[in-house]
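# Observations on the model geometry
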Amino acid sequence: MKKNKVLSIMLLIGILFSPSQFTNAGAPGFWVFSTENPTISVRVIDAYYADLDNDTYQDDIYALVRFELSGAAWYNFDYYVTLTLPSGYNFSYAFAITATGSFDLNHYFFDHATESGNYTLSVLVILKTGGLSTDSDIYVFDPPGASTGGDPTLVVG
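Keep in mind the model is a prediction, meaning the values are calculated, not measured. (Residues numbered from 1 in each chain as written. Predicted model: local features only at pLDDT ≥ 70, side-chain atom pairs only at ≥ 80, totals over all residues. Heavy atoms only, no water.)

## Some remarks on the overall build of the chain
Applied cut-off: Runs of E in the DSSP output that reach at least two residues are strands. Runs of H or I that reach at least four are helices, and both are numbered from the N terminus. With a 1.4 Å probe rolled over the protein chains alone, any residue whose accessible area is under 20% of its type maximum counts as buried; one over 50% counts as exposed, and the rest are partly exposed. Contact between two residues is taken to exist if any of their heavy atoms lie within 4.5 Å; hydrogens are not considered. Computed with a 1.4 Å probe, the accessible areas rest on the Shrake-Rupley method; for each residue, only the protein chains presented here act as cover.
Looking only at helices and strands, the chain has one helix and eight strands in total. Helices (α) and strands (β) of the chain occur, in sequence order from the N terminus, as α-β-β-β-β-β-β-β-β. Burial analysis of the chain (157 residues in total) assigns 31% to the buried set. Nonlocal contacts in the chain, meaning residues at least 24 apart in sequence, comprise 58% of its contacts between residues at least 6 apart. Only carbon and sulfur atoms are counted for the fraction: they give 59% of the accessible area of the chain, which is about 9,700 Å².

## Considerations on the sheet that holds strand S2 (residues 60-70)
How we decide: Strand pairing follows a simple DSSP-based rule, namely that at least 2 bridges must link the two strands. Note on geometry: axes are C-alpha line fits, over the in-contact stretch for helices, and angles between N-to-C directions span 0 to 180 degrees.
The antiparallel open sheet is built from three strands, whose spatial order is S1-S2-S5. Two strands in the sheet have a free side with no partner beyond their single neighbour: strand S1 (39-50) and strand S5 (103-109). Within the sheet, the average angular offset between the axes of one strand and its neighbour, ignoring direction, is 20 degrees. In the sheet, S2 pairs with S5 via seven bridges, with the strands oriented antiparallel. Bridged to Ala-63 within S5 is His-107.

## Digging into the pairing of strand S3 (residues 75-84)
Here S3 lies mainly inside the structure; eight of its 10 residues are buried. Where S3 lies against strand S4 (residues 90-99), 10 bridges are found, and the strand directions are antiparallel. Its bridge partner lying in S4, Leu-83 is registered against Phe-91. The antiparallel hairpin formed by S3 and S4 contains five residues in its connecting segment, where Gly-88 sits at a positive phi of about 100 degrees. As paired strands, S3 and strand S6 (residues 119-127) are joined by eight bridges and run antiparallel to one another. Paired with Thr-84 across the two strands is Thr-120, which belongs to S6.

## Points about the environment of Leu-85
On the secondary structure map, Leu-85 appears in the loop between S3 and S4. Here Leu-85 falls in the buried class, since its relative accessible area comes to 4%. Between the C-alpha atom of Leu-85 and that of His-112, which follows or precedes it by 27 residues, the distance is 8.4 Å. What Leu-85 contacts, discounting residues up to four positions off in sequence, is Phe-91, His-112, Thr-114, Glu-115, Asn-118 and Tyr-119.

## Side note on the nonpolar core
Short version of the rule: Among buried residues, the Ala, Val, Leu, Ile, Met, Phe, Trp, Tyr and Cys ones that are joined through side-chain atoms within 4.5 Å form a nonpolar core.
Counting residues in each nonpolar core, the largest one holds 27 residues, and the members touching the most others are Phe-67, Phe-77, Tyr-79, Leu-83 and Leu-121. Contributions of two or more residues to this core are made by S1, S2, S3, S4, S6 and strand S7 (133-141).

## As for the packing of aromatic side chains
Stated precisely, the cut-off is as follows: When the centres of two rings from Phe, Tyr and Trp lie within 6.5 Å, Trp using its six-membered ring, the rings pair. Their planes under 30 degrees apart give stacked, over 60 give edge-to-face, and anything left gives tilted.
The tally for this structure, following the rule as stated, stands at 12 aromatic pairs. Ring centres of Tyr-62 and Tyr-108 lie 5.4 Å apart, and the angle between their planes is 55 degrees; this geometry places the pair in the tilted category. Residue Tyr-62 is found in strand S2, and its partner Tyr-108 is found in strand S5; the two are separated by 46 residues along the sequence. Residue Tyr-108 is classed as partly exposed on the basis of its relative accessible area, which comes to 47%. With centroids separated by 4.7 Å and ring planes inclined at 20 degrees, the aromatic side chains of Phe-67 and Phe-103 adopt a geometry described as stacked. Of the two residues, Phe-67 sits in strand S2 while Phe-103 sits in strand S5, which places them 36 residues apart along the sequence.

If you want it as C-alpha cells, here you go:
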C-alpha cells in the first residue's frame, strides 16, 4: 500500500513538471519558451464626447483604441487607460488581456465629461508574451464648454 502511494505521488510530480507543458505553444496561462518575436502596437484612433447613455446630457466620452499584434499565436498583456480631466483629476482603469490577434477596443466613460477644457486619454500596454515590452499613446481632445478649441487633436506619445 505504501509503495502505491509513493508511486502515485512520483507519477503526479512527473506529470506536473514534465517538459510537455512547455510545448503547448500559445496556450493561455502557460509559460511559453520560443524564439518568436511578438510585437504589439497600441493607438488611440478616436475620442469624443456625446450623449451615450441617453440622459440628454452630452457628458459621456467614447474612445476607440486599436491593438496591432504580430509574431505569436497568443498574446498576454496588461492594459492601462487613464482619462485626465482639465483640472488634473484622473480616472484610471486596468485590464489583463489575452488575445489571438489584432482588434479594436471601445471605451465608454459615462458622465465623465464634467469640465470644459482639454481632456487627455492615455493608454499603456505591457506585453508579457516573449518577454516584456511596452507601447503607449496619448490623445488630447476638447469637449464643449467655455474653452477654445473643439476638434480633437492627436498627440502621439
